[in-house]
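Breakdown of the fold
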Amino acid sequence: MLKSYLDSHPDENGYFGKFGGAFLPPPLIEPFAQITKEYQKLKNDPEFIEELKYVRKHYQGRPTPISYAKNLTKHCGGAKIFLKREDLNHSGAHKLNHCMAEVMLAKKLGKTKVIAETGAGQHGVALATAAAYFGLECEIHMGEVDIIKEHPNVVRMKILGANVIPATHGLRTLKEAVDSAFQAYVPQADTALFCIGSVVGPHPFPLMVRDFQSIVGHEAKEQFMEMENSLPDYVVACMGGGSNAMGIFAGFIDDENVALTGVEPMGRGENLGDHAASLTYGEEGVMHGFNSIMLKDSDGEPAPVYSIGSGIDYPSVGPEQAYLKEIGRTSVGLCNDEEAVDAFYKLSQFEGIIPALETAHAIGYAMKLAKTLSPDKTILINLSGRGDKDIDFIVENYPIPNAKF
Ligand SMILES: *Cc1c(COP(=O)(O)O)cnc(C)c1O
């Protein structure tokens, strides 16, 4: 029998086609090789698998349900829209799926501390949550601009016992937070584990984070079959680094009739610096230790990016996302700030679910798509997170529309 896609990708050096790899400074080569070796062992260790199953069920609250968005479907007047509810995963987003497993791995490696970057603060909160549960120290690097915009998540991380370190250079957002966290990690690699927040970074992180997130897709496939007696026609997810998208895609990747779409943020326009549509406008390059498609400035450096969703303003995407688009297995959808805000309010007022601004991009794109399709078609959206963190920012900048559209 042919090996499934997931079992045969990436190759043993962490490549998905030409994308991926591990471009590391010399002091990190050995620590990363050790992480890879340990992960390959743990992946098939029944004890590790059992423990992960236990925390998912009894702590995280998995499986999360799929909801049929009946009012939004009626409003759009086309395909039926379904939501995989990662907003109901403990701590309010899909990120805890990989954070619990990463901190478990850190413990198995004998580390006492975890270090990470965060954009909107969601990864920081999820990692601080997992660190508290497993009793490890936690150090989170965050851009100063995001610290102000995402204030509630900063407070949450501190309450959970994490040390939050501001990134004060450049645009002071996600990319700078990654730089800062990496720098801090190098001298601490023997006692700490760098816990990357998406399917990005050097091998083995794109592989590990995908594997840990794939629970979303595997659950969704079974649940959707039970509800509709078929597979969805379209699976849609927003894309920053690409982890929530990879998680839900993983369940359907061998089902060729299911179209998989990652939605990129078009921000406020097409000019470089006004969006973060890395796969749409980017070119091949190495950043943060891996080869992928990225947005570059005129010097070939990672370009400034912008999106209303702080967790998706990253100038690249995970190598597997670049590969899947290149081979034509996935496609890219677009959604700008304005469409995302409209989707944010529509999902809130039609369905009683306040989505994260990142997630609102997937909803905005799916609403456009649904209108072009007949009612016998189905769209499954990965509802990657809840929007409590965004409510102050939204109401200050975009007046609440009159209820009912
Ligand atoms: C972090 C985040 C994202 C973006 O990250 P991906 O790795 O692209 O999934 C999307 N939605 C929410 C709610 C997030 O917190």
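Above this text sits the structure in question.
Residues numbered from 1 in each chain as written. Predicted model: local features only at pLDDT ≥ 70, side-chain atom pairs only at ≥ 80, totals over all residues. Heavy atoms only, no water.

This next bit is on the overall build of the protein. In terms of helices and strands, the protein carries 16 helices and 14 strands. Since a compact globule built from 405 residues should have a radius of gyration of about 22 Å, the 20 Å found for the protein is in line with a globular shape. With respect to the three principal axes, the spread of C-alpha positions in the protein is 55 × 50 × 40 Å. Buried residues in the protein amount to 61% of all 405 residues. Put simply, 75% of the contacts in the protein that link residues at least 6 apart link residues at least 24 apart. Accessible surface for the protein amounts to roughly 15,900 Å². Of this, 51% is attributable to carbon and sulfur atoms. (Helix = DSSP H or I, 4+ residues; strand = E, 2+ residues; numbered from the N terminus. Rg over C-alpha atoms; globule rule 2.2 N^0.38 Å. Buried < 20%, exposed > 50% of the residue type's maximum accessible area, 1.4 Å probe, protein only. Contact = heavy atoms within 4.5 Å. Areas by Shrake-Rupley, 256 points an atom, 1.4 Å probe, with all protein chains shown as cover.)

Within the open sheet, the four strands sit side by side as β7-β6-β5-β8. Their pairing is parallel. Two strands close off the open sheet at either side, each with one partner strand: β7 (163-167) and β8 (192-194). Across this sheet, the average inter-strand angle for adjacent strands is 20 degrees, counted without regard to direction. As defined by bridge partners, strand β5 (residues 113-118) adjoins strand β6 (residues 137-143) across six bridges and the pair is classed as parallel. Looking across to β6, one finds that T118 is bridged to M142. (Pairing = 2+ DSSP bridges. Axes fitted to C-alpha atoms, helices over the stretch in contact; angles between N-to-C directions.)

Moving on to the nonpolar core. If you look at the biggest cluster of nonpolar residues, it comprises 57 residues, and the most contacted ones within it are I35, V114, L127, C138, M157 and Y185. The dominant element in this core, judged by the number of residues it contributes, is helix α5 (residues 96-108), at eight residues. For this core, the two domains that each supply at least three residues are domain 1 (25-57 + 95-205) and domain 2 (61-92 + 214-397). Ignoring sequence-local partners within four residues, the contact set of V114 consists of V103, A106, L127, A131, L136, E137, C138, E139, L193 and C195. (Core = buried A, V, L, I, M, F, W, Y, C linked by side-chain atoms within 4.5 Å. Domains from an automatic or database assignment.)

Now for the packing of aromatic side chains. On inspection of all chains with the given rule, the structure shows 10 aromatic pairs. Summarising the aromatic geometry, the rings of Y133 and F134 are spaced 4.8 Å apart at their centres and angled 80 degrees between planes, so their arrangement reads as edge-to-face. For F134, a relative accessible area of 7% gives the class buried. An aromatic cluster is defined as three or more aromatic residues linked by ring pairs; in this entry it consists of F32, F182, Y185, F194 and F205. When the ring centre of Y68 is taken as origin, the NZ or CZ atom of K80, which lies over that ring, is 5.3 Å away. Directly above the ring of Y306 sits R268, whose terminal nitrogen or CZ lies 3.8 Å from the centroid. (Phe/Tyr/Trp six-rings, centres within 6.5 Å; stacked < 30°, edge-to-face > 60°. Lys NZ or Arg CZ within 6 Å of the ring centre and 35° of its normal.)

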